[in-house]
Amino acid sequence: QKWSPTTTVDGILVDVPCSATGTGSRRPDVLRRESDISELLDIQELLANHCAEILPAGGIMVYATCSLLKEESEDQVKKLVEKG
């Protein structure tokens, strides 16, 4: 979270680490493993917030995850938008 670009950027792709539940058809082992979702949620929020801080006004952020879980996708984006 200490990294900042050396030049102005117009957009950022934030491909956050996730539980990978969206890859279950190709990797069914993912659906059976235990993962600490709360730790992943914290990391996702930290990364998204940092990217929002370094993105200039009018810039575009794409938040990407391969999870099917609402708390890792929609809920994270909603929190970020509400934060402003």
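Before reading further, recall that the structure is shown in the block above.
### What about the environment of Arg26?
So, step 1. Looking at where Arg26 falls in the secondary structure, it is placed in the loop between β1 (11-15) and α1 (29-32).
So, step 2. Look at Arg26 and you get exposed, because its relative accessible area is 68%.
So, step 3. When the C-alpha positions of Arg26 and Glu74 are compared, they lie 23 Å apart, and in sequence the two are 48 residues distant.

### Some words on the pairing of β1
So, step 1. Across the two faces of β1 the burial differs, with Ile12 and Val14 buried and Gly11, Leu13 and Asp15 not buried at all.
So, step 2. Two strands pair when backbone bridges link them, and β1 and strand β2 (residues 60-64) are joined in this way by 5 bridges, in the parallel orientation. Directly across from Asp15, in β2, lies its bridge partner Ala64.

### Side note on the pattern of salt bridges
So, step 1. Taken as a whole and assessed by the stated rule, the structure comprises 2 salt bridges.
So, step 2. Between Glu45 and Lys79 there is a salt bridge, with the nearest N and O atoms lying 3.1 Å from each other. Taken as a pair, Glu45 in helix α2 (residues 37-54) and Lys79 in helix α3 (residues 74-83) lie far apart in primary sequence, 34 residues in all.
So, step 3. A salt bridge links Lys70 to Asp75, with the shortest nitrogen-to-oxygen separation between them at 3.1 Å.
So, step 4. A relative accessible area of 47% means that Lys70 is categorised as partly exposed.

Quick notes on the rules
Residues numbered from 1 in each chain as written. Predicted model: local features only at pLDDT ≥ 70, side-chain atom pairs only at ≥ 80, totals over all residues. Heavy atoms only, no water. Helix = DSSP H or I, 4+ residues; strand = E, 2+ residues; numbered from the N terminus. Buried < 20%, exposed > 50% of the residue type's maximum accessible area, 1.4 Å probe, protein only. Pairing = 2+ DSSP bridges. Salt bridge = Lys/Arg side-chain N within 4 Å of Asp/Glu carboxyl O.

So yeah, pure geometry; function would need other evidence.
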